[in-house]
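# Examination of the molecular architecture
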Amino acid sequence: MQINISNIPAEGLNLRFSHSGEWFHRSMPMGDECGFCVDGIDVQCFVEKVLRDVSIKGRIKAGVELECCRCLEKFDFPIETEFNYVFMPADNLKKDDLELTYEDLEQSYYEGDVIDLDQIIIEQLVLQIPFKPLCDNSCKGICPVCGINLNIEKCDHKTQQISSPFAALKNFKIKKER
């Protein structure tokens, strides 16, 4: 969704819209190769113009299907996040600012008369995906020998203790000098 800056009224603009998971995957730079599936996206936001700056505050709700990194089973992961951005004209961009501050994380720049909300939505959703998704904190994973899901079945295979390269230091004693 694109916002035309000149069409923002003085009292601000309330927006509500939805996107499909298909839209999300089409909009991703890497296409369907992102490793998760999005069911649907609901967005509501308030857009306000103050002089030449544009403030966008909103909330995103989405359903995502992830794969557990332990048991490899798919599970639903609901996302609900808020975002807050301030867009400033690109002519305010200082070329010699090399250090990023916390406030810079919520600032961006626009050129022309249009701000693209789609990139904000994609960015916010991707930021909510856990690095190591778990279906449950107590997930037992899969057996490394036979490959069964240990959350569903049991097997008699014992996991081998991998010998650490530091195992020889286990009984090492340090003499204290007096």
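See above for the structure.
Let us look at the structure shown here. Bear in mind that the values here come from a model prediction, so they are computed numbers and not experimental data.

The rules behind each value
- Residues numbered from 1 in each chain as written.
- Predicted model: local features only at pLDDT ≥ 70, side-chain atom pairs only at ≥ 80, totals over all residues.
- Heavy atoms only, no water.
- Helix = DSSP H or I, 4+ residues; strand = E, 2+ residues; numbered from the N terminus.
- Buried < 20%, exposed > 50% of the residue type's maximum accessible area, 1.4 Å probe, protein only.
- Contact = heavy atoms within 4.5 Å.
- Areas by Shrake-Rupley, 256 points an atom, 1.4 Å probe, with all protein chains shown as cover.
- Polar contact = N/O pair within 3.5 Å; in protein donor to acceptor, adjacent residues only side chain to side chain.
- Pairing = 2+ DSSP bridges.

So, on to the overall build of the protein. What the protein contains, in helices and strands, is 2 helices and 7 strands. When its helices and strands are written in sequence order, the protein yields β-β-α-β-β-β-β-β-α. Residue burial in the protein is summarised as follows: out of 178 residues, 30% are buried. In the protein, the proportion of contacts linking residues at least 24 apart, taken out of those at least 6 apart, comes to 56%. Accessible surface for the protein amounts to roughly 13,300 Å². Of this, 50% is attributable to carbon and sulfur atoms.

It is worth spelling out the side chain of N149 at this point. Relative to the elements of secondary structure, N149 occurs in the segment after helix 2 (117–128). At 2.9 Å, the side chain of N149 forms a polar contact with the backbone nitrogen of N151. Every residue in contact with N149, bar those within four places of it in the chain, is listed here: C71, E73, G141 and I142.

Attention now goes to the pairing of strand 3 (residues 37–50). Bridge count for strand 2 (residues 13–20) against strand 3 is 8 bridges, and the pairing is antiparallel. Its bridge partner lying in strand 3, R16 is registered against Q44. Sheet analysis places strand 3 next to strand 4 (residues 53–67), joined by 13 bridges and oriented antiparallel. Along strand 4, the bridge assignment pairs K49 with V54. Connecting the antiparallel pair strand 3 and strand 4 is a turn made up of 2 residues, with L51 showing a positive phi of about 55 degrees.

Even without glycine at this site, L51 takes up a positive phi of about 55 degrees. Residue placement: L51 occurs in the loop between strand 3 and strand 4. Notably, L72 is not glycine yet its phi reads approximately 65 degrees, a positive angle. As for its placement among the helices and strands, L72 is situated in the loop between strand 4 and strand 5 (74–89).

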